[in-house]
Amino acid sequence: MKKILLTLLLFISVYGFATHNRAGEILYKRIAPYTDVVGGVTVPVFNYSITIITYTDDGAGIADRCEDTVYFGDGQRGIALRTNGNGGCGGCARCGVVIVSDANYKVKINTYTITHQYAGAGSYIIQMFDPNRNQGVHNIPNSDQQPFYLESVLIINNFSGANSSPEFHNPPIDRACKDKCFFHNPAAYDIDGDSLSFEITTSRGQGGQTVPGYFFPDSGTGGTFAINAVTGLLSWCNPQESDQYNIAFIVKEWRKNTSGVYKMIGYVLRDMQVIVVQCPLNNPPVVIVPPDTCVEAGTLLHKNIKVTDVVLPFDNGLNKVTLTGAGGAFSSLGPNATLMNTFTNTPYTAVFTWQTTCDHIRQQPYQTVFKAEDQGNAGITSSPLVSFSTYNIRVVPPSVKNVTATPAGSTIKISWAPTSCNPSGNPLKSYKVYRKNDCTTFTFNPCSTGIDPASGFVLIGQTSTTTHSLTDNNNGNGLVVGQNYSYLVVAVYADGTQSYGGSQVCAKLKRDIPVILNVDVRTTSSTAGDVFVRWSKPLTNTGNLDTNLSPGPYQYVLKYRSGLGGTFNTVQTINGSYFLGLDTSFLHSGINTSDSTAYYIVEFRAGNNSIGSSPLASSIFLQATSGDRQIMLSWKSNTPWNNYKYTIQRRAPLTTVFTTIATTTLTNYTDTNHVVNRNTYCYKILGEGQYSDPSVYKPLLNFSQEVCALAKDLTVPCTPTLSLDADCPVGSVTVKWTNVRNLCSDDVLHYVLFYKALVADAYQRVDSFHFTKTSLLVDDPDLIPGCYAIQSVDSSGNASTLSPDFCIDNCPEFELPNIFSPNGDKSNDFYKAIKVRRIKEINLTIFDRWGNLVYKTNDPYFQWDGTSQQSKNAVSEGTFFYICEVYEPRLTGIRTRTLKGYLEVVR
């Protein structure tokens, strides 16, 4: 009893006072330690500091909470202790920090903090609930009887990393003027650099549901109420009544997942209060910020912020406006931005300064909010008016410096200096190297880091943070002599940020290696094929091969590979003291040229050193596909030169020579020139090309292997449409079908008809019909029920798909009489069915009136003469009863029908 009384007294002491909650939010922050070692294994630990911030009335009779309850969203709750105000609770008469104080309102801020460890990944709704809201909120009926509710959502997973909620640097208590546009910006800042979005919601109460009777402040006024989803600028144009209003919005955090897709990782619901008052003869000031900026880390930003205000009557020339900055650059890791000259008569210019550093590098811009607030009207009692402007600053990594490109053989080595920026919070992850095949100047957009694909640069490789060079060998195929190559190197950071494109460098290969000119298939065979390979000598002029540095003897090593896989094998070595006199061609014989592409490189050696190898060059490999009165050709090759024209040559049936039938710049061609089905045609392709270097011999002429193909029709004909004319009682069916030869397949020769008695059966072929026949009369009672389908067959034996089922069901009949007279007068002497049509079987039993069986049969065409099957005597006159199960053949199988009745025997 004493315990109950004590609890009641505590309740009265705390809740006997009104709380008068006006606004607030719940914030969370992940704190160390982030990992722990369990059983020798390092596992993540999810420790969070959770802070409740409320804004309440202050004064006598107002509850002064020293603690508040937090529901963590994982089934647990905790008591958060006050952390602000005159040394905290216990030793102060009134706790909290007053932020608004005038004749009508006195509002203070209260903060409560607690730590909590979550067990693992999940989505957690963090909540607080407190009675009650302050009195007189216009858009919440009976507001002082409505509970105050806040929530935030924390999403923990093992992929997005540590996460803390956004912070707000403008309080959620603000003033508006009647009939004036109201603006507010929470100055949200996310310490993790996550992308933020803003959306309107409702003020919440019991169970997190919308407060009963709540309505948006613009309802019924004809004004507008909205929030900018990107900047967070909340606008209300125009408040129509002087009063208090509560509005709420949600701030969501977004972060890219491992697939590069933005996913929500949490949100904060902020409930704020706007106090609308009369503001006669006053207009809000104007703040003008610079255009959004992108800067390299290390840049000192020095910008002017312009502030103006309209001078109205009774101002007495005292037109002073206060300028403040919040969020973004003012909330970042140090050093923070500063703002000078922020309170004087307008117009004036404030000075914004921010020394950026490598620690400021991140993908998302720093959304910095400037707030200009006037002093109201100096001649008339009037509340101050405010305006907001947002200035986005994106800090990107500096470009990679000292990039060089050094040719060596058929490769170019790209080197660079280590980047100067490697912040601990967003560390360097790799370097990416890009290339394009010209040396035109690359101009990058400062606000678009990385490399735009439209620039022509493509990614060729990536290195670790400790590797500062990459050798470009064109994926093992070698670079091309005479071609100009540009390179860019960018640094990539943990959050995906890439540095400026930076220093572009241009290079091209030396002519100190051989240049392949021919890979020409001379003979096509799977065992005795021949390929002619030819190359040009290295140049000995300035900038190319220096024979003093690379003295002889010299050697060419020709290497070959069949197809894409495998390794190169040496097929010929040519030696000499003076390479200028060495042979530069070779006929490679005895190989398979029918089934795969031939690849070659030529290595050039001086003394014991390899100067380098030529770029890889392959033969043209041709493939042919049969078609209806056509042959489809396609070919491919991998050459350092550009094949700008192809000549198609054909050997027709019964001829021995190839003739030219077409030229093309494409790598495919369809031959429809007098191609006859069931005839074989042979082809080869002559490629004509050249190097980009005009000093290299041209044109380069190379044949593919020969390929033969049989022209044949592989296209199935159209499917006929089937229909039936059936007379089931008569027992005839006429099957009809369309003649597709006249519609869509002119080479159809015949049609094949199929039949099945049951839906579940497989089709069986009935017959084949010449294309001129398009119907069939089936005059067989046994074939009446069933399904039919048909297909067309063309001159090449291609059969169409079967037409859809066209089915007709059976029309069985079976009927019994109710009297017969077995007296031998040859009139109605037998008891038998009146009607029998397409009945497979019956099960008839007849009983006398005492239940004795007198007759039984399974024959639907039975005849009973009135003799009892039991006694072998004629039955007496009178009434008899029967039960007859009739088995009717149907499309889906046998269906049983039961007949019950009586019959009279009359003698």
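Structure shown above.
Residues numbered from 1 in each chain as written. Predicted model: local features only at pLDDT ≥ 70, side-chain atom pairs only at ≥ 80, totals over all residues. Heavy atoms only, no water.

Caption draft 1: Expanded view of the side chain of Arg65. Mapped onto the elements of the fold, Arg65 is located in the loop between strand E4 (46–57) and strand E5 (67–71). At 3.5 Å, the side chain of Arg65 and the backbone oxygen of Pro131 are in polar contact. (Helix = DSSP H or I, 4+ residues; strand = E, 2+ residues; numbered from the N terminus. Polar contact = N/O pair within 3.5 Å; in protein donor to acceptor, adjacent residues only side chain to side chain.)

Caption draft 2: Broad picture of the state of the cysteines. By the definition in use, this model includes 7 disulfides. In this model Cys439 forms its disulfide with Cys506; the gap between the sulfur atoms is 1.4 Å. Between Cys439 and Cys506 the sulfur-sulfur dihedral comes to about 50°; the bridge is accordingly right-handed. Placement of the pair is Cys439 in the loop between strand E31 (428–436) and strand E32 (458–463) and Cys506 in strand E35 (residues 505–507), with a sequence separation of 67 residues. For Cys439, a relative accessible area of 31% puts it in the partly exposed group. On the basis of relative accessibility, which here comes to 39%, the residue Cys506 falls in the partly exposed class. Cys682 shares a disulfide with Cys708; S-S distance 1.9 Å. Torsion about the S-S bond of the Cys682 and Cys708 cystine: about 100°, corresponding to right-handed handedness. With a gap of 26 residues between them, Cys682 in strand E49 (residues 680–690) and Cys708 in strand E51 (residues 707–710) connect regions that are remote in the sequence. (Disulfide = S-S within 2.5 Å. Buried < 20%, exposed > 50% of the residue type's maximum accessible area, 1.4 Å probe, protein only.)

Caption draft 3: Looking closely at the environment of Thr299. Take Thr299: it is sitting in the loop between strand E21 (293–296) and strand E22 (300–308). For Thr299, a relative accessible area of 29% gives the class partly exposed. Residues Thr299 and Thr356 lie 57 residues apart in sequence; the distance between their C-alpha atoms is 5.5 Å. Residues contacting Thr299, with those up to four places away along its chain left out, are Trp354, Gln355 and Thr356. (Contact = heavy atoms within 4.5 Å.)

Caption draft 4: Main features of the sheet that holds E32. The 4 strands lie next to each other as E32-E31-E34-E35, forming an open sheet whose pairing is antiparallel. The outermost strands of the open sheet, each flanked by one partner alone, are E32 and E35. Neighbouring strand axes in the sheet, compared pairwise and without regard to direction, differ in orientation by 30° on average. With 3 bridges joining them, strand E34 (residues 485–493) and E35 adopt antiparallel strand pairing. Note on E35: the bridge partner recorded for Ser486 is Cys506. (Pairing = 2+ DSSP bridges. Axes fitted to C-alpha atoms, helices over the stretch in contact; angles between N-to-C directions.)

Caption draft 5: Main features of unusual backbone geometry. Put simply, Pro131 and Asn132 share a cis peptide bond, and its omega is -5°. For the bond from Lys698 to Pro699, the omega torsion is -5°, close enough to zero to count as cis. Within the secondary structure, Pro699 is located in the loop between E49 and strand E50 (700–703). With phi around 60°, Asn474 is a residue other than glycine that occupies positive phi space. Structurally, Asn474 is set in the loop between strand E33 (469–472) and E34. On the accessibility criterion, Asn474 (23% relative accessible area) is partly exposed. Phi is positive for Lys826, which is not a glycine, with a value near 65°. Structurally, Lys826 is set in the loop between strand E60 (819–820) and strand E61 (835–837).

Caption draft 6: Examining the nonpolar core more closely. Ranked by size, the top nonpolar core spans 77 residues in total, and within it Leu323, Phe352, Phe370 and Tyr600 carry the most contacts. Once you skip the residues sitting within four places of it in the chain, Phe352 turns out to touch Leu301, His302, Lys303, Ile305, Ala329, Phe330, Ala337, Thr338, Leu339, Phe370, Tyr391 and Ile393. One finds Ala23, Ile53, Leu234 and Val268 within the second-largest nonpolar core, a separate group that totals 30 residues. (Core = buried A, V, L, I, M, F, W, Y, C linked by side-chain atoms within 4.5 Å.)

Caption draft 7: Structural detail: the sheet that holds strand E17 (residues 234–237). Strand order in the open sheet made by the 3 strands is E13-E17-E16, with antiparallel pairing throughout. Two strands lie at the open edges of the sheet, namely strand E13 (182–184) and strand E16 (224–227), each paired on one side alone. This sheet shows a mean twist of 5° between the axes of neighbouring strands, independent of strand direction. As defined by bridge partners, E13 adjoins E17 across 3 bridges and the pair is classed as antiparallel. Its bridge partner being in E17, Phe183 is matched across the sheet by Ser235.

Caption draft 8: Molecular detail of the side chain of Gln367. Topologically, Gln367 is positioned in strand E27 (residues 366–374). The class of Gln367 is buried, set by a relative accessible area of 14%. A polar contact of 3.0 Å, which involves the side chain of Gln367, links it to the backbone oxygen of Val230. Residues within four places of Gln367 in sequence aside, it is in contact with Ala188, Phe198, Val230, Thr231, Ala326, Gly327, Gly328, Thr390, Tyr391 and Asn392.

Caption draft 9: Here's a closer look at the pattern of salt bridges. Overall, the coordinates contain 27 salt bridges when judged by the stated rule. Of the charged contacts, one joins Asp271 and Arg133 as a salt bridge, the two residues approaching to 2.9 Å between their closest N and O atoms. Highlighted residues: Asp271 in strand E19 (residues 262–277) and Arg133 in the loop between strand E9 (122–130) and strand E10 (148–156), separated in sequence by 138 residues. For the pair Asp271 and Arg133, one class covers both residues: buried. A salt bridge links Arg204 to Glu151; the shortest N-O distance between them is 3.8 Å. Pair noted here: Arg204 is in the loop between strand E15 (195–201) and E16 and Glu151 is in strand E10, with a separation of 53 residues, a long-range link. Judged by relative accessible area, Arg204 falls into the buried class, the value being 12%. According to the relative accessible area criterion, Glu151 is buried, its value standing at 7%. In the salt-bridge network here, residues are joined through shared partners; they are Asp809, Glu888, Arg890, Arg895 and Arg897. (Salt bridge = Lys/Arg side-chain N within 4 Å of Asp/Glu carboxyl O.)

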